[in-house]
Amino acid sequence: MKNITKIIVAGLVGSTFLVAPVLAPVLAAQVPAGVKLAADQTFTYRVLDEHSSVDPQIVEDVSGSELVRDLFEGLLNQNAAGELVPGVAKSWEASNGNKTYTFKLRKDAKWSNGDPVVAGDFVYAWQRLANPETASPYAWFMEIMSLENASEIVAGDKKPSELGVSAPDDYTLVVNLTAPLPYFAAMTTHASTFPSPQKVVEEFGSEWTKPGNIVSNGAYVLTEHVPSERSVRERNPMYWNDGETVINKVVALVINDENIALTRYLAGELDRTEVPAGQYPSLKKEYPNQAISFPKLCSYYYSFNVSDSGPEAFKDKRVRQALSYALDRNVVTEQVLKGGQFPAYTFTPGSTANFTIPDVAYAKMSQAERDAKAKELMASAGYGAENPLKFDLLYNTSEAHKKVATVAAQMWKQKLGAEVTLANQEWKVFLEVRGKQDFDLARGGWCGDYNEASTFLDLMTTPSGYNDGKYSNAEVDQLMSDAKTASDPSANYTRVEEIMADEMPIIPVYHYTGVYMMNEAIVGSWPVKNVEQNWYSRDLYKVAQ
Amino acid sequence: MFKFILKRLGVAIPTLLILIIFSFALMKLAPGGPFTSEKPLPPQVLANIEAKYGLDQPNYKQLTNYIVGIVTKGDFGPSFRYKDRSVNDIIAQGFPITLKYGIWSFILAVLVGVTLGIIAAVKHNSWIDYTAVGFSISAQVLPNFVMAPILVIIFTLWLNLLPGGGWNGGQWQYLVMPVIALATSYMASIARITRSSMLEVLNSNFIRTAKAKGLPNRVIIFKHALKPALLPVITYLGPTFVAMITGSVVIDMYFSTGGIGQMFVNAALNRDYSVIMGITILMGVLTVLFNLMVDVLYAWIDPKIRY
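Residues numbered from 1 in each chain as written. Chains lettered and ligands numbered in written order. Predicted model: local features only at pLDDT ≥ 70, side-chain atom pairs only at ≥ 80, totals over all residues.

With that out of the way, let us pick up the overall build of chain A. Along its length, chain A carries 18 helices and 17 strands. Taking 545 residues into account, the globule formula puts the C-alpha radius of gyration at 24 Å, and chain A, at 24 Å, falls close to it. Across its three principal axes, chain A shows a C-alpha extent of roughly 75 × 55 × 40 Å. By the burial criterion, 54% of the 545 residues in chain A qualify as buried. In chain A, 70% of the contacts between residues at least 6 apart in sequence involve partners at least 24 apart. (Helix = DSSP H or I, 4+ residues; strand = E, 2+ residues; numbered from the N terminus. Rg over C-alpha atoms; globule rule 2.2 N^0.38 Å. Buried ≥ 20, exposed ≤ 12 C-beta atoms within 10 Å, placed from the backbone. Contact = placed C-beta atoms within 7 Å.)

Here it is in structure tokens:
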């Protein structure tokens, strides 16, 4: 617990991006003048898998959080560019050296049953999140928010009522922190901090989120849910900004297979679906206004197992460098994935706020130069035709991962004579095996928890619970720990990326893009600039075609 | 007969118990657990969750608590993955879907299959026979994962007549393709079994006697030949019916129906222990029940069989 908490806190403390003294204006759907809206404002989109829950304090997956952001509203929201905008809170102020936050709530916010949304609803929800009886997978979020007594409550040593949050009156929420967090307000856009209706939760118990039982304070209410088939949310007339909401009904259809989803999109049954790997160029050609690709806050990489259980060869920096150099990222992004992904030579994506990709040396070379250098390095490490490097490349079962692994193995075979065995495992087995360092080289994918470089680079520190390759470098640890208190940590991040480009504990392969087919009517209002892809249906609208 | 049924039900209880223990053990042996995730949970948080779901107790205790819960309260526990839903809830919503398209597929497969089989046998070695046999062989070699996309291409993308998937409360438009896709290969098997068994019956002595008596063909076929010819078909139908109503993963997956076939597979992938167990038990109970029904039907059809 401590480690992970520290790491995430570390990431947030150093950030400067989140301090937003003046709020951007309230957002709802901002329909430009002169735009004619479509008669049918129903938004239907595909989800890969059934959401885990729509209970704000229980939800843990992306598709569930998307629902929760529509059904409930927290203190603050994000706009299309990912900036903070007011939600239930109209304003806030920090005092006591950023250790006390006071939020002023709007008086017109209502639950879908007509009850007013009051500060006590937040107090209840936050206590509920930390309460061990709730057993929330996001209980630790109260700890990284540094709320007083959060850790003790999660551990069962103190009562939930002792949490550092209180409501002096119905429209004032006061939060007491154990550490000065300048970016605290931004954390209230996270779904797990959204209010929940105490009366309803207590009346129905774990069934309170069922349609018919559920009472919510967001722009929509849940009206239908068929597990693994669909969930439907419709306008909440009690929502304080319902007047400026345009989309009437949002339907999420569970379609496990992306090719099937694409077929149904093409048949006009969906407004949004993911584009399967490799199909973007042909779709873009055929449907130029519907196929879209935009940067996402995620990186794809291979981790070397440099722990004691890893292969001897990977303890040699030259071998790691050679393999990284010989991997032609452009082939992966342009010929395999073809979805506008960005070749990666650093771990942190360029789309990260306040981060510019540093000029690491090997990124500037041409591929031919890199290949030549890779051969040289391999030879000097003692590997060649007579003594080929042998290792397993582990990835979780998926067509796209297989394609990338296959070309990577081919390149290493052709250029370096390495004999690579591809091994795929089902997701849960893969996580278990990778987490136990029972691999040579393993696939990894990481999406930022928040929009700042440390959400990536902290993975490379020794205590990180997510550092699967067990890379350890005292200088990296120091730089990342210093970043927490630095007024401008960007120099630290640059230095860490440089060290990684030299030591090569991982092979960065590419930075993800969101690649979608999107109905022309809605694509104009989609927040493509929000790299975390925190979208709200109430900000969308469909134009008449 | 009544005693026989009681005896069989008595045997069913230890059978199901063994099924539960065996599935439970297999499930626990699989690497990873319901709360294994890419971003591992802090130990204290994980401990709270495991305590809530009883995973902090030893395996034998988890198993006995589970069985006691089912026997005393009919409670299959909460889903480990879909945290605000219970297993009873998930099955109550998913099973009717599977049941609906399963029963329709079954009816279609039996009606068309048996009819084709009879016609082929009666018109043995005529063009009708060849057409029917040809049809059933092609239906058999077209597995549902090939059939489903073909149907979607034709009816959704080309003709724009039917939705490409989903359930939407089970309106008929959403039923057509899953039913056809699921029914075809069963239909083909039923047709072939009916045909060969009908042929055998038609060549038997009592049919020759009936013909010699000058009975009309219609009476011979429907009154005398059909019943004995259906015996092997019924043997096949028992497990087939269970297989059809407990969901085809392919159909659920391809048409995103929300049926329990897909839930079963996803539960296994998610290590959603309680859902895996719940659906396994459901399938076990149905299999035992329908095998029993088949045996009872035997006795009704074949006077030689008495229990």
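Taken together, the 40 residues of chain B in the interface contact 42 residues of chain A. Counting only elements with at least two residues in the side of chain B that touches chain A, the list comes to α2 (43-52), α4 (87-122), α6 (144-158), α10 (249-255) and α11 (260-270) of chain B. Among the elements that line the side of chain B that touches chain A, the one with the most residues is α2(B), at 6 residues. Considering only residue class, the side of chain B that touches chain A consists of 18 nonpolar, 14 polar and 8 charged. (Nonpolar A, V, L, I, M, F, W, Y, C, P; charged D, E, K, R; others polar.)

With that settled, consider the environment of A:M480. Structurally, the position occupied by A:M480 is in helix α16 (residues 474-483). Distance from A:M480 to A:K99, taken between C-alpha atoms, is 23 Å for residues 381 residues apart in sequence.

In this model, chain A carries a mean pLDDT of 90, and residues with pLDDT of at least 70 account for 95%. This stretch, residues 1-22 of chain A, has a pLDDT under 50; its non-local contacts, to residues over four places away or in other chains, come to 54 contacts. (pLDDT = per-residue confidence, 0-100.)

With that out of the way, let us pick up α4(B). For an α-helix, 3.6 residues make a turn, and residues three or four places apart therefore share a direction. Here α4(B) is 36 residues long and its end C-alpha atoms lie 50 Å apart, about the 52 Å a rise of 1.5 Å per residue gives. Largest kink in α4(B): about 25°, centred on B:G94, with the proline B:P96 one to four residues after it. (Expected span 1.5 Å × (residues − 1). Bend = angle between axes of the 7 residues up to and from the residue.)

All names here are of chain A. If you trace the 4 strands from one edge of the open sheet to the other, you get β4-β5-β7-β6, paired in antiparallel fashion. Taken across any chain shown, the strands that pair with only one partner, and hence form the sheet edges, are β4 (89-95) and β6 (165-169). Pairs of neighbouring strands in the sheet enclose a mean axial angle of 20°, with direction left out of account. By the bridge criterion, 3 bridges tie β6 to strand β7 (residues 172-176) in an arrangement that is antiparallel. (Pairing = 2+ DSSP bridges. Axes fitted to C-alpha atoms, helices over the stretch in contact; angles between N-to-C directions.)

Moving on to unusual backbone geometry. Residue and element names in this part refer to chain A. For N98, which is not glycine, the phi dihedral falls at a positive 65°. One can find N98 in the loop between β4 and β5 (100-105). At Q437, a position not held by glycine, the phi torsion is positive, near 55°. In this fold, Q437 is placed in the loop between α14 (427-435) and β16 (441-447).

For the rest of this paragraph, the subject is the nonpolar core. If you look at soluble globular proteins, the nonpolar side chains tend to sit buried side by side. Ranked by size, the top nonpolar core spans 140 residues in total, and within it A:W126, A:A130, A:M142 and B:M187 carry the most contacts. Sort the elements by how many residues they give to this core and helix α7 (residues 172-202) of chain B lands first, with 14 residues. Apart from residues lying up to four places away in sequence, B:M187 is in contact with B:L108, B:A109, B:V112, B:G113 and B:A139. (Core = buried A, V, L, I, M, F, W, Y, C linked by C-beta atoms within 7 Å.)

All names here are of chain B. Between its first and last C-alpha, helix α3 (residues 59-73) extends 21 Å over 15 residues, near the 21 Å set by a 1.5 Å rise per residue. A small share of α3 lies buried, amounting to 1 of its 15 residues. The positive-phi residue at the C-terminal boundary of α3 is G74, with phi of around 65°.

Once that is clear, we can look at the confidence of the model for chain B. Residues shown with low pLDDT carry predicted positions that ought not to be read at fine detail. Overall, the prediction assigns chain B a mean pLDDT of 88, with 99% of residues at 70 or greater. The ipTM value of the predicted complex is 0.84, and its pTM value is 0.86.

The relative placement of two packed helices comes down to the angle between their axes together with the axis-to-axis distance. All names here are of chain B. Where helix α8 (residues 205-213) meets helix α9 (residues 217-245), the axes come as close as 11 Å, and the angle between the chain directions of the two elements is 150°. As summarised for this structure, α8 and α9 are arranged roughly antiparallel, according to the angle between their axes. The interaxial crossing formed by α8 with α9 has right-handed handedness. Of the residues in α9, those touching α8 at F206, I207, A210 and K211 are I220, H224 and A225. Tallied by class, residues from the contact of α8 with α9 come to 5 nonpolar, 1 polar and 1 charged. (Parallel < 35°, antiparallel > 145°, perpendicular 65-115°, else oblique. Left-handed = near helix turned anticlockwise from the far one by under 90°.)

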